[in-house]
Amino acid sequence: GRIQFRPIKVDAMVERILWRHGVKFLLMSATIISAAQMASDLGLKPGTWGSVQVDSSFPIANRPIFVRPSANVTRSAQDVEWPKLAAAIANIMRDHPNDRILVHTVSYALTRFLAGELDPTRVLYYEQSSQRDSALAQFREIPAAVLLAPSFERGVDLPDDDCRVIIVGKVMYPNLGDKQVNARLYSPGGQQWYCMLTVRSLVQSTGRAMRHEDDMCTTYILDRQFANLWSKARGMVPKWWADAITWEGPKR
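Source: prediction; values computed, not measured.

## Quick notes on the overall build of the protein
Tallying secondary structure elements over the protein gives nine helices and seven strands in all. Computed over its C-alpha atoms, the radius of gyration of the protein comes to 19 Å, within 12% of the 18 Å expected for a compact globule of 252 residues. Oriented by its inertia axes, the alpha-carbon framework of the protein measures out at about 55 × 50 × 40 Å. When burial is assessed residue by residue, the protein has 44% of its 252 residues classed as buried. Here the contacts in the protein between residues at least 6 apart in sequence split such that 74% fall between residues at least 24 apart. For the protein, the computed accessible surface area is about 14000 Å², with 52% contributed by carbon and sulfur atoms. In the protein, which carries 31 positive and 25 negative side-chain charges, the distance between the mean positions of the two groups comes to 9 Å.

Structure representation (structure tokens):
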């Protein structure tokens, strides 16, 4: 068999592997959720780094985010809550009959469930990573298609009519079944790191269809777990992203 070793943290290694090979480094991203967390993760000492944050140039009116708590999307309550999520997605599909819709499902199990509950004439999905690219190609070809995607949080470009609606069916908490993630969570500073990772995945996932200043995309967050994340990590949420939110339910 195969044995794989993965470090819980890399801060002690980065000087030898990276920083000693240059004088100045520029790290750029739209989703550096916490510059201090990133600096700590990369072994940068206080006083050796700085950060600059700028606002989004994309108009808020073009990228509204509606928080519509519809279901508590957890495995423990799936028999009761997953049908509620399916009903909420079906309502959005009716409200956007002519738009391509990307639904972030996070898991293959939830993907399969929703595929059996929603309009089969519009729904596309994939059940293994090898089918991901073909599902994306189909999505771009079929008008008004709805793609149930467990792994489209990043690395996907869907400008203009390629996608006009994004649905966050489940908040993207890192998988605690991963031994590396689990070990990091329960190490010093792990809770903050875990929240940062979740916020970053969420912000990245809602940007898949908002690709330039004249683009337009409406986002719906349906998982009630978002309210828990908001209460724990509100200070990490980028202002430009938070400014686009309209709450259609309680913040807790």
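## Overview of the nonpolar core
Residues F226, W241 and I245 are the most contacted members of the largest nonpolar core, which totals 29 residues. Elements supplying a minimum of two residues to this core: β1 (65–71), α6 (179–185), α7 (190–206), α8 (225–233), α9 (239–242) and β7 (245–247). Examining the composition of this core, we find that eight residues originate from one element, α7, more than from any other. Counting 24 residues, the second largest nonpolar core, distinct from the first, contains I92, I101, L114 and L148.

## Section: the side chain of T219
Among the structural elements, T219 can be located in strand β6 (residues 218–223). Each residue touching T219, except ones within four places of it in the same chain, is listed here: P64, I65, F66, I166 and T206.

## Overview of unusual backbone geometry
One can expect most non-glycine residues to show negative phi and most peptide bonds to be in trans. A positive phi is found at V106, a non-glycine position, where the angle reads about 75 degrees. Inspection of the secondary structure assignment puts V106 in the loop between β2 (101–104) and α4 (108–117). V106 gets classed as partly exposed once you look at its relative accessible area, which sits at 26%. Even without being a glycine, A144 presents a positive backbone phi close to 65 degrees. Examined against the element boundaries, A144 turns out to sit in the loop between α5 (132–141) and β4 (146–149). On the basis of relative accessible area, A144 is assigned to the buried category, the value being 15%.

## Details of the pairing of β4
Burial of β4 is two-sided: the residues V146 and L148 facing one way and the residues L147 and A149 facing the other way are all buried. By the bridge criterion, four bridges tie β2 to β4 in an arrangement that is parallel. By the bridge assignment, I101 is partnered in β4 with V146. Here three bridges tie strand β3 (residues 123–125) to β4, and the two strands are oriented parallel to one another. Bridged to V123 within β4 is V146. The handedness of the β3 to β4 crossover, carried by α5, is right-handed.

Definitions and cut-offs
Residues numbered from 1 in each chain as written. Predicted model: local features only at pLDDT ≥ 70, side-chain atom pairs only at ≥ 80, totals over all residues. Heavy atoms only, no water. Helix = DSSP H or I, 4+ residues; strand = E, 2+ residues; numbered from the N terminus. Rg over C-alpha atoms; globule rule 2.2 N^0.38 Å. Buried < 20%, exposed > 50% of the residue type's maximum accessible area, 1.4 Å probe, protein only. Contact = heavy atoms within 4.5 Å. Areas by Shrake-Rupley, 256 points an atom, 1.4 Å probe, with all protein chains shown as cover. Lys, Arg positive; Asp, Glu negative; His and termini not counted. Charge placed at Lys NZ, Arg CZ, Asp CG, Glu CD. Core = buried A, V, L, I, M, F, W, Y, C linked by side-chain atoms within 4.5 Å. Pairing = 2+ DSSP bridges. Right-handed = clockwise from strand over helix to strand, strands pointing away.

Any functional reading would require information that these geometric values do not contain.
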